[in-house]
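This is what each chain is made of:
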2 protein chains.
Amino acid sequence: MDISIVVIGDELLIGQVTDTNSGFIARHISPFGWQVRDVQVVADNAEAITSAIDRAFSRSRVVVTTGGLGPTKDDITKEALRTYFGGEMQFVGSVLDNVKEIFRKRGLQLNDLTASQAMVPTSARVIQNRVGTAPIMWFEDPVRERVLVAMPGVPFETREMFTTEVFPQLAEKFPTDGVVEHRTIMVEGISESDLATLLGEWEASLPDYIHLAYLPKPGLIRLRLDGHYPYTGFLDREINRYAVELKSLCGEHFLYDGDREPAEILLEKLAEKNLTVATAESCTGGNIAHLITSVPGSSASMLGGVVSYSNDVKRNLLGVSAKSLDEHGAVSIPVVEQMALGACNATGADIAMATSGIAGPGGGSEEKPVGTVCIAVATRNGITSHTFRFPGSRDRVIDRASVTAIIMAIRATESLSPAGQ
Amino acid sequence: MDISIVVIGDELLIGQVTDTNSGFIARHISPFGWQVRDVQVVADNAEAITSAIDRAFSRSRVVVTTGGLGPTKDDITKEALRTYFGGEMQFVGSVLDNVKEIFRKRGLQLNDLTASQAMVPTSARVIQNRVGTAPIMWFEDPVRERVLVAMPGVPFETREMFTTEVFPQLAEKFPTDGVVEHRTIMVEGISESDLATLLGEWEASLPDYIHLAYLPKPGLIRLRLDGHYPYTGFLDREINRYAVELKSLCGEHFLYDGDREPAEILLEKLAEKNLTVATAESCTGGNIAHLITSVPGSSASMLGGVVSYSNDVKRNLLGVSAKSLDEHGAVSIPVVEQMALGACNATGADIAMATSGIAGPGGGSEEKPVGTVCIAVATRNGITSHTFRFPGSRDRVIDRASVTAIIMAIRATESLSPAGQ
């Protein structure tokens, strides 16, 4: 099944906001054998919206619109949809109740403008928006068997409601033929082109009902096997068999099963062994701690950490020696190793990651150019450390360094015995 | 003048890559009175490309395509354009010379696939790509006075070549009427609908050459005035006058001028007064430090911080009293105030932000439900603290709490005298 997406909003066309909703939708539907046919980004303008919907329906039976549903007068999408699908605007009490509930939770006063969200075209069925005030509207053309779902543009609302309500209802209305299955493994420490060379012959020998996709992320490559077959039992056995072969071919580069964040895997492995973790961050500036603490339940293993941007903080909170800082500089293996040990000492953690580097754009030198990052992981078994050279912008260097530190911590955790043993 | 953009590439439709080129183009052309009319994202497929170009020309006289010009077999854009505009493929020596020069600079070997970049439709005029191997192609229909420019999709190449070659040539061919100007201000502490009520009457009284847009972000609302007028001097004066009125109407909710990140503004205000900053984060888990250290040059003011997820770390690194933790719990005003003071003491910073809360999904109670976050900002003038109730998922609570802490630090910095005074 195809979905055509219409993204509505002047703010997108002036480059103030970047559309991430359509990418999210694409990634979410792909495992179910659905795909995004095309995306149109249009202004808050009735003619532009209507014309984009016409075009979208000429290509797909399912159209999802995002955006243009806020309470202010910028947002004319609802009226354009009423004109397109017919009917009158009517007051829907359950939408007002939902708006009131959302406002109550947020401790805000209801006003007339927000209450106007409760006006909905009679041609639409409302899907209650649990996480925002704009109702989600399901328009259906029963004769031509096609559906348009109008969703709000706030990424958080789109993500929550598309996965829990909109897509399940679409999948029920348009069941796909056969079954689709996926297996994802994560590999690291190899470039995409080297990996393609390593796997080329095996990939060419795959049956036509199984396909291999390379999906790189900063510091990692996801390898996804997509299977599509009439029956589930056979496909399940086959895809498992090929996943085992794939892992074996990747050898030491294989990191873990499933498309999950490295921080989740680290926390899972720590919890299994009843171990605790801490961070000591210079160039990553708190991002490693942020990635770890973004995972629900992380407080079970994460004790905390230090962001030691200044050398004083490195000395006073982490016990890095002034001599090492003078002799080797802050971006050096001796300093980053002392930072990792210092984080274990300061927090009592079983394992600690430390980073020190030059994220740029300034601060680089001939000897230590921008992108140079020293990373250390300390455990009771000792310290592992390495100096990396990451390409790209400041954000990219911070991302890569953070993910790499977490991968090193996963490897170190695998080799540790459980706490108390 | 309008530009319609066609973004070409399967990788965009599966959500592997996010299109940032069209936003860049939009931001670049806006000061010249040009705007992006719409954006279409389509697959690497000749029919989809051709149909998108037809639609783009039905809306704008200028079409820019990005992507689909790499040397691999996925990329069929060049052939689709040749079919669309006519002519034959011919070898262009200057393109091969350019490819050779780019490869020489990158220390790479030329292969046949890359040399094929030198084949260009006779209907196109080549704009030499100084920063990549794919030639930029200018197709012109002199009868209907319309132009299509095909550009590579690599953001770095698009940005460099659009600003230095493509847009100057488009602006020369299509001189524009009038000028466009924008002013953005950031406001906080008010909902979008309350703000719309507050500004409604004023907004309705705006002249037709000035428009107000509401652009909410987590914890903030951007208000943008867009002006369009034949002459720059008049518009400049007018838009400044309305911006002053708007700020005055927003009153205490006005935060700062310009569409910039709160962390940037905080760092700017700190640098002006030669002040330093630190963080003590529990529920935000390092995200505040990450937002601050994501700004280039932040090390001038940011000393560091502590992520105090466990109570032991709150006590040992930040000096929070065991008594306060016992009596009030970790999520309490006394604890978060001690954390902020502790961060100042531990790092020597002039100002520190501290957070302690329940980001969820677990850990909530009747008295302190998920979303409850205590935030404190300590300075030499004293401590400001407040308990908030933020809606939404764990990520959203962390985002909102982080932005709110930074806003409180901006307010606190505004009231501080420069260091040493």
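This structure is a prediction, so every number in the text was calculated from the model and none was measured.

Caption draft 1: Seen up close, the overall build of chain A. Check the secondary structure of chain A and you find 15 helices and 17 strands. C-alpha atoms of chain A, sized along the principal axes, occupy 75 × 60 × 45 Å. Relative to its full complement of 421 residues, chain A shows a buried share of 46%. Considering only contacts within chain A whose residues lie at least 6 apart along the sequence, 67% involve residues at least 24 apart.

Caption draft 2: Seen up close, the sheet that holds strand S11 (residues 220-229) of chain A. All names here are of chain A. Pairing is antiparallel in the open sheet, where four strands are placed in the order S10-S11-S9-S12. The open sheet is flanked by strand S10 (210-217) and strand S12 (254-257), the only strands paired with a single partner. Strand-to-strand twist in this sheet, taken as the mean axis angle between neighbours without regard to direction, amounts to 25°. In the packing of helix H9 (residues 232-250) onto the sheet, the strands contacted are strand S9 (179-187), S10, S11 and S12, and the crossing angle to S9 comes to about 15°.

Caption draft 3: Structural context of the pairing of strand S8 (residues 146-151) of chain B. Residues and elements named next belong to chain B. The element S8 is extensively covered by neighbouring structure, given that five of its six residues are classed as buried. In terms of strand pairing, strand S3 (residues 62-66) meets S8 through five bridges, oriented parallel. Looking at the pairing, Thr65 lines up with Ala150 of S8. When strand S7 (residues 136-141) meets S8, the two strands line up antiparallel, connected through five bridges. Bridge assignment links Met137 to a residue of S8, and that residue is Ala150. Between the antiparallel neighbours S7 and S8 lie four residues, among them Glu145 with a positive phi of about 50°.

Caption draft 4: Structural view of the domain arrangement of chain A. Along its sequence, chain A is carved into domain 1 (2-173), domain 2 (179-257) and domain 3 (262-414). A straight line from the C-alpha centre of domain 1 of chain A to that of domain 3 of chain A covers 42 Å.

Caption draft 5: Examining the relation of the copies chain B and chain A more closely. Aligned on chain A, chain B shows an RMSD of 3.0 Å; the corresponding rotation is 176° and the shift along the axis is 2.3 Å. A symmetric contact is evident, with 79% of the interface residues of chain B recurring at the interface of chain A.

Caption draft 6: Up close: the sheet that holds strand S15 (residues 351-357) of chain B. Sheet architecture is open: ten strands sit in the order S17(A)-S16(A)-S15(A)-S13(A)-S14(A)-S14(B)-S13(B)-S15(B)-S16(B)-S17(B), paired in mixed fashion. The sheet is open, and its two borders are formed by strand S17 (382-389) of chain A together with strand S17 (382-389) of chain B, each paired with just one other strand. Mean inter-strand twist for the sheet, computed between neighbouring axes without regard to direction, equals 10°. Relative to S17 of chain B, strand S16 (residues 372-379) of chain B runs antiparallel, the two sharing eight bridges. What sits directly across from Val373 of chain B, in S17 of chain B, is Phe388 of chain B. Strands in contact with helix H12 (residues 311-318) of chain A are strand S13 (277-281) and strand S14 (302-308) of chain A together with strand S14 (302-308) of chain B; relative to S14 of chain A, the strand with the most contacts, it is inclined by about 145°.

Caption draft 7: Local environment of the interface of chain B and chain A. On the chain A side, the residues contacting the 67 residues of chain B number 69 residues. Its residues placed into classes, the side of chain B that touches chain A shows 26 nonpolar, 30 polar and eleven charged. Where S14 of chain A and S14 of chain B come together, five bridges link them in antiparallel fashion. Paired with Ser308 of chain A across the bridge in S14 of chain B is Gly304 of chain B.

Criteria and cut-off values
Residues numbered from 1 in each chain as written. Chains lettered and ligands numbered in written order. Predicted model: local features only at pLDDT ≥ 70, side-chain atom pairs only at ≥ 80, totals over all residues. Helix = DSSP H or I, 4+ residues; strand = E, 2+ residues; numbered from the N terminus. Buried ≥ 20, exposed ≤ 12 C-beta atoms within 10 Å, placed from the backbone. Contact = placed C-beta atoms within 7 Å. Pairing = 2+ DSSP bridges. Axes fitted to C-alpha atoms, helices over the stretch in contact; angles between N-to-C directions. Domains from an automatic or database assignment. Least-squares fit on C-alpha atoms with pLDDT ≥ 70 in both. Nonpolar A, V, L, I, M, F, W, Y, C, P; charged D, E, K, R; others polar.

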